[in-house]
Amino acid sequence: MGRIATIARRTFLIGSAAVLGGVAFGYYMYRRPPENPLEDDLADGTVALTPYVLINANGITLITPRTDLGQGAYSLQAALIAEELDVDIHKVNVDPGPPSPAYYNTALSHEAVPFASTDDGIAARVARGLADATLKFIGLQITGGSTTASDSYEKLRIAGAVARETLKQAAVIHTGNSIPVDRMWTRDGHVMLSQSGGDGIPYESLAEIATTIEPVDQVDLKPKSEWRYLGKAMERIDIVAKSTGRQKYGIDLQIEGMVHATVRSNPRQGGSMRSFDAAKAEGMPDVRKIVPLENAVGVIANNTWAAFRATDAIEFDWGDAPFLHEQEDHWQALADSFTEESLDSRNRDDGNIDDALASGEIVEAEYRAPYLAHAPLEPVSAIVLVEEDRLEIWTGTQIPGFLVVKAAKLAGVSEENVTLHVQMVGGSFGHRLEDDYVMKTVELALAMKGTPVKMTYSREEDMRHDFPRQIAMARGQGAFLDGRINALDLSIAMPAVTISQIGRQGLNLPGPDPVIVAGAWDQPYGIENYRVTGYRADNLAPVSSWRSVGASTNSFFHESFLDELIHAAGADPLEERLRLLSHEPSRKVLEVVGEMADWGSDPGPNKGRGIAYALAFGTPVAEIVEVTKTQEGIRIDKVWVAAEIGTLLDPVNFENQVKGGIVWGLGHAMNCETTFSDGMVQQTNFHAYEAMRIYQCPQIEVRALENGSRVTGIGEPPVAAAAPALANAIFAATGKRIREMPFNKHVSFV
Amino acid sequence: MMLTVNGKDHDIEADPDTPLLWILRDVVEMVGTKYGCGIAQCGACTVHLDGQPIRSCSYRLGDINGEITTIEGLSSDQGLHAVQEAWINEQVTQCGYCQSGQIMSAVALLSAIPQPTDEDIDRAMSGNLCRCGTYPKIRAAIHSAAAKLARS
Ligand code: FES
Ligand code: FES
């Protein structure tokens with residue numbers, strides 16, 4: 001039952017997603033297809049069969065435009081193409097390709113529309129289609145929102161299939177039209193000419209002919225039952241390099257003739273530099289040059305550390321922070337923004353909340369979540385070479401398209417003259433959705449024309465200039481009747497995250513900021529009287545997307561407060577959630593996680609279990625955390641997770657991503673916060689920002705469910721429910737309700 | 001001054017205050033050893049000094065008196081170290097940036113305690129942060145490397 005995808009000739013060349021999306025959603029506002037970016041620069045005898053497959057006499061290259069941040073994106077994208085193309089991912093090259101509108105991210109736009117991901121109604125589909133068109137217009141080639149799997153699932157398989165079928169056509173010509181195409185088949189990078197097989201013709205030998213023919217415009221996708229790579233435990237393409245120290249990350253790259261450098265700018269993010277005195281730094285060993293930049297100073301040295309040390313020796317006179325200076329004022333700004341004027345959105349307003357809260361027993365609570373740094377283990381860096389009117393950049397980034405535009409503008413060169421080489425990244429979690437470190441490097445390189453400059457941030461500079469996770473506050477009110485929840489009113493205040501973030505790319509978002517209520521309003525609970533309101537707080541620090549974005553704060557608020565209500569009502573946390581949920585995949589993850597943990601059984605003395613559920617990025621996830629109350633504090637013993645992801649494409653990666661998401665969610669909830677004093681970040685290294693270490697890591701059991709119709713991502717969703725499941729478990733074990741992150745303000749952990 | 005890295009002597013010209021980490025990365029140009037924090041908090045820079053694990057970001061070049069082994073020196077033409085094989089078989093890695101340091105700490109652990117318990121692992125590996133959360137896989141890989149080394 002292979003699925004037939006019909007592809008118009010021109011649109012096939014630009015990547016079939018445009019048409020696929022169009023067919024699925026009916027229409028596009030913006031129809032002109034982007035060019036195939038690989039066609040510009042093809043050597044003779046090379047054929048770019050789609051923007052994702054490049055073949056020449058020397059080999060096959062799969063283009064994987066979503067950046068690998070450690071989430072295994074290169075392997076997954078390669079496997080999707082390889083499955084249909086019929087090649088072994090370990091025998092082909094994989095390259096992130098150039099920044100290009102052809103690689104825009106369709107799935108990401110689905111998170112930006114005011115329809116819950118469970119809503120498949122016509123209005124929701126049209127809105128998503130419109131958002132796709134807008135996104136295509138601005139060419140957002142972004143890695144984020146756990147969209148790599150959903151965005152790539154059909155696009156890349158079709159790309160692989162088109163390439164395969166076109167190569168079969170080329171093989172017909174190769175054999176002098178002696179064998180009809182329907183007798184041909186493929187195996188491991190070869191077109192086979194007969195049932196008996198023989199050696200077949202390697203794809204590489206067909207590249208020359210393939211350049212001369214029209215690509216096919218109709219392909220069958222393999223049914224799942226015939227998959228050879230997808231759905232099976234795959235060895236990641238980078239596993240050996242990453243286990244032997246041979247993997248080169250952006251920070252490791254060496255370019256002939258390059259110099260080492262670092263930059264110091266105002267520790268008050270976005271503040272000015274009034275003056276500086278580098279007299280001491282100039283005479284230090286291994287220092288080559290001090291370079292004044294816009295509101296910053298760069299140091300060029302013989303090694304990175306000499307540059308770090310020299311910046312420490314420079315005396316600066318910095319300007320004030322362009323936002324509230326003290327942490328308590330940030331909290332106050334949030335508390336003050338629950339007003340009509342600051343109301344940003346009210347996407348959910350079911351029943352009559354005011355009436356419901358006017359009678360019956362009322363529960364009220366206030367919740368807080370701090371700013372949080374991304375702090376991936378690899379500090380950010382970039383190498384830039386400026387030559388006459390050309391710019392060459394080597395860096396790890398999630399936003400290649402934006403980066404090129406901005407760098408070109410800064411250097412005063414045309415975008416065509418900017419070459420970007422996207423590098424492997426040592427973790428990101430949203431960090432590399434920003435590009436200030438690259439722009440600083442461009443500035444430095446402009447002062448060092450002809451010499452490649454490698455600029456590395458110290459850990460401290462990286463954390464001071466992170467754009468952190470939003471700070472947020474929530475106020476909940478709820479009521480129950482006869483042991484059942486019948487009203488929940490949640491008000492959430494935070495800075496406008498999307499607007500802060502895209503504002504730095506010169507874009508604006510009219511209307512409400514979807515992040516403010518993400519992970520709260522869109523939860524498919526059928527509570528009779530149910531309202532979620534978002535308030536926008538101003539004058540706060542600039543913020544950005546942090547693994548699971550809005551849900552990282554809002555799931556904590558929603559699921560902890562719901563738990564409070566359920567306990568107050570005397571109901572069972574699992575049963576009551578099931579009673580309130582009609583969304584079948586969501587019920588399923590709760591039921592399964594309950595079975596996994598044997599929910600309802602006695603956990604034993606001093607132990608407690610907490611449950612939480614979240615629907616984030618279209619993926620329902622349910623989690624149960626078990627803790628023990630010890631003399632020294634709380635020990636997290638065990639976590640069970642069930643997630644509905646539609647189709648499991650890579651079981652090993654699924655397990656790793658879920659476990660990593662749990663460690664991330666629990667670790668930051670336990671002991672991390674980013675606070676400001678005098679406008680400066682106070683936690684600038686891991687001694688003050690530990691998260692989870694191995695001795696605290698619980699046993700984690702995970703299960704993937706495959707009942708949904710869509711393929712959804714797994715990098716971010718497990719993060720959302722981790723903090724509330726832990727808070728709920730601590731309540732179960734100790735009777736203490738924690739309403740503020742980090743939890744170690746209220747309990748100790750062992 | 002002379003510095004022996006993975007059995008090879010290097011004549012280094014640099015300020016003796018420079019941390020070993022940056023000598024390895026920027027002067028010797030062996031970049032398998034990673035920079036994460038610079039203050040002995042993350043373990044990404046772990047190498048061996050005469051077989052003992054040290055945080056190379058916090059050792060001055062001038063204070064090094066002994067032989068350095070880095071992740072690049074762990075495997076030889078004969079093949080990968082058993083710990084590396086276990087890391088590959090268990091598919092420990094996510095971003096991988098911490099893993100050079102994790103592997104160097106694990107190798108040192110197994111030479112001190114050939115059959116470590118989970119508590120031994122926690123104690124020896126707690127100086128190594130993994131932001132991607134590969135800890136469960138690290139535990140499994142150390143146990144499987146220990147089993148393999150015991151058989152050989
Ligand atoms: S870089 Fe040495 S311990 Fe972090
Ligand atoms: S694998 Fe990314 S920090 Fe450990």
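Predicted model only: the values in this text are computed from it and were never measured.

**Q** I keep staring at the pattern of salt bridges and nothing clicks. Help me out?
**A** Pairing is possible between side chains of opposite charge, provided their charged atoms come close. Residue and element names in this part refer to chain A. Counted according to the given criterion, the structure contains 49 salt bridges over all chains. A salt bridge links Arg536 to Asp344; its shortest N-O distance comes to 2.7 Å. Residue Arg536 is found in strand β23 (residues 529-536), and its partner Asp344 is found in strand β15 (residues 343-350); the two are separated by 192 residues along the sequence. Residue class for Arg536 comes out partly exposed when judged on its relative accessible area of 23%. The partner of Glu564 in a salt bridge is Arg739, with the nearest N and O atoms 2.8 Å apart.

**Q** What am I meant to see in helix α11 (residues 327-335) of chain A here?
**A** An α-helical segment advances 3.6 residues per turn. Residues three or four places apart therefore align on the same side. Buried within α11(A) are the following residues: A:Gln327, A:His330, A:Trp331, A:Ala333, A:Leu334 and A:Ala335. Where α11(A) is buried, its residues meet β16 (361-369), β21 (472-481), β22 (484-494) and β27 (676-677) of chain A.

**Q** Any chance you could explain the nonpolar core here in plain terms?
**A** Side chains of nonpolar character tend, in soluble globular proteins, to be buried together. Residues and elements named next belong to chain A. Formed by 195 residues in total, the largest nonpolar core has its most connected members in Leu391, Ile393, Ile636, Leu726 and Phe743. Excluding its chain neighbours within four sequence positions, the residues that come into contact with Ile393 are Ile383, Val384, Leu403, Ala407, Val418, Thr419, Leu420, His421, Val438 and Val442. In this structure, Ala79, Ile89, Ile201 and Ile213 belong to the second largest nonpolar core, which totals 39 residues.

**Q** Explain the interface of chain B and chain A to me, please; I cannot follow it from the model alone.
**A** Note on interface size: it is often stated as the accessible area lost on association of the parts. At the junction of the two partners, chain B supplies 51 residues and chain A supplies 63 residues. Of all residues in chain B, B:Gln91, B:Gln94 and B:Arg131 give up the largest surface area on contact with chain A, accounting jointly for 18% of the area buried on that side. Remark: the boundary between chain B and chain A carries 4 salt bridges. Measuring nitrogen to oxygen at the nearest pair gives 3.7 Å for the salt bridge that ties A:Arg309 to B:Asp17. Viewed at the interface, chain A and chain B are joined by 30 residue pairs in polar contact (both at pLDDT 80 or more). Residue assignment for the side of chain B that touches chain A shows that the elements contributing at least two residues are α1 (20-27), α2 (82-89), α3 (99-112), α4 (118-125) and α5 (135-151) of chain B. Sorting elements by how many residues they give to the side of chain B that touches chain A places α5(B) first, with 5 residues.

**Q** Would you take a moment to explain the packing of aromatic side chains for this structure?
**A** In this description, an aromatic ring pair is defined by two values, namely the gap between the centres and the angle between the planes. Residue and element names in this part refer to chain A. Applying the stated criterion to the full structure yields 17 aromatic pairs over all chains. A ring pair is formed by Phe316 and Trp318, whose centres lie 4.2 Å apart and whose planes are at 15°; its orientation type is stacked. Judged by relative accessible area, which is 13%, Trp318 ranks as buried. The interplanar angle of 50° and the centroid separation of 5.9 Å between the aromatic rings of Phe556 and Phe557 together place this pair among those described as tilted.

**Q** How should I be thinking about helix α20 (residues 651-671) of chain A in this particular structure?
**A** All names here are of chain A. Taking 1.5 Å as the rise per residue, α20 with 21 residues should run 30 Å; its terminal C-alpha atoms sit 31 Å apart, in good agreement. Where burial is concerned, most of α20 is hidden: 19 out of the 21 residues are buried. Between a side-chain oxygen at the N-terminus of α20 and the backbone nitrogen of Val652 the separation is 3.2 Å; the capping residue is Asp650.

**Q** Even after reading the chapter, I still don't get the packing of α2(B) against α5(B), so can you show me in this structure?
**A** Residues and elements named next belong to chain B. Put simply, α2 and α5 touch, their axes get as near as 8 Å, and they point 130° apart. Overall, the two elements α2 and α5 adopt an arrangement that is oblique. Regarding α2 and α5, the two cross each other, and that crossing is right-handed. For the pair α2 and α5, contact is made by Ala82, Val83, Glu85, Ala86 and Trp87 and by Ile138, Ala141, Ile142, Ser144, Ala145, Lys148 and Leu149, respectively. Split into classes, the residues belonging to the contact of α2 with α5 amount to 9 nonpolar, 1 polar and 2 charged.

**Q** Just checking my understanding: could you explain unusual backbone geometry for this structure?
**A** Residue A:Pro742 follows A:Met741 across a cis peptide bond; omega there is -10°. In this structure, A:Pro742 sits in the segment after α21 (717-734). Unlike most non-glycine residues, A:Ala375 shows phi in positive territory, near 45°. If you check the backbone angles, B:Gln91 has positive phi at about 50° while not being a glycine. For B:Gln91, the position within the fold is in the loop between α2 and α3.

**Q** I'm lost on the environment of A:Ile383 in this one. Help?
**A** Following the sequence through the fold, A:Ile383 ends up in strand β17 (residues 381-387). Each C-alpha atom of the pair A:Ile383 and A:His421 lies 9.7 Å from the other, and the pair is 38 residues apart in sequence.

**Q** Sorry if this is basic, but what is going on with the sheet that holds strand β24 (residues 607-616) of chain A here?
**A** Across a sheet, strands are paired by hydrogen bonds formed along the backbone, either parallel or antiparallel in direction. Residues and elements named next belong to chain A. Pairing within the open sheet is mixed, and its 4 strands lie in the order β24-β25-β26-β29. The two strands at the open ends of the sheet, each matched to only one other strand, are β24 and β29 (699-705). Averaged over neighbouring strand pairs, the angle between their axes works out to 15° when direction is ignored. Relative to β29, strand β26 (residues 634-644) is paired through 7 bridges, and the arrangement is parallel. Residue pairing in the sheet places Ala643 in a bridge with Ala704 of β29. Along the sheet, α21 makes contact with β24, β25 (619-629) and β26, crossing β24 at roughly 155°.

**Q** Help me understand the environment of A:Asn302, please; the structure alone is not making it clear to me.
**A** Residues and elements named next belong to chain A. Relative to the assigned elements, Asn302 resides in the loop between β13 (296-301) and α10 (304-313). Asn302 gets classed as partly exposed once you look at its relative accessible area, which sits at 33%. In this structure the C-alpha to C-alpha distance between Asn302 and Ala261, which are 41 residues apart in sequence, comes to 8.3 Å. For Asn302, the residues in contact, after removing those within four places along its chain, are His260, Asp286 and Arg288.

**Q** Explain the pairing of β24(A) here, please?
**A** Strand residues, when the strand is regular, have side chains that alternate between the two faces of the sheet. All names here are of chain A. Counting buried residues along β24, 9 of its 10 residues qualify, which places the element largely inside the surrounding structure. Pairing of β24 with β25 involves 10 bridges; the strand directions are antiparallel. Bridge pairing in β25 links Arg609 to Glu626. Adjacent in sequence and paired antiparallel, β24 and β25 are bridged by 2 residues, among which Phe617 carries a positive phi angle near 55°.

Cut-off values and rules
- Residues numbered from 1 in each chain as written.
- Chains lettered and ligands numbered in written order.
- Predicted model: local features only at pLDDT ≥ 70, side-chain atom pairs only at ≥ 80, totals over all residues.
- Heavy atoms only, no water.
- Salt bridge = Lys/Arg side-chain N within 4 Å of Asp/Glu carboxyl O.
- Helix = DSSP H or I, 4+ residues; strand = E, 2+ residues; numbered from the N terminus.
- Buried < 20%, exposed > 50% of the residue type's maximum accessible area, 1.4 Å probe, protein only.
- Contact = heavy atoms within 4.5 Å.
- Core = buried A, V, L, I, M, F, W, Y, C linked by side-chain atoms within 4.5 Å.
- Buried area = accessible area lost by both parts, 1.4 Å probe.
- Polar contact = N/O pair within 3.5 Å; in protein donor to acceptor, adjacent residues only side chain to side chain.
- Phe/Tyr/Trp six-rings, centres within 6.5 Å; stacked < 30°, edge-to-face > 60°.
- Expected span 1.5 Å × (residues − 1).
- Axes fitted to C-alpha atoms, helices over the stretch in contact; angles between N-to-C directions.
- Parallel < 35°, antiparallel > 145°, perpendicular 65-115°, else oblique.
- Left-handed = near helix turned anticlockwise from the far one by under 90°.
- Nonpolar A, V, L, I, M, F, W, Y, C, P; charged D, E, K, R; others polar.
- Pairing = 2+ DSSP bridges.

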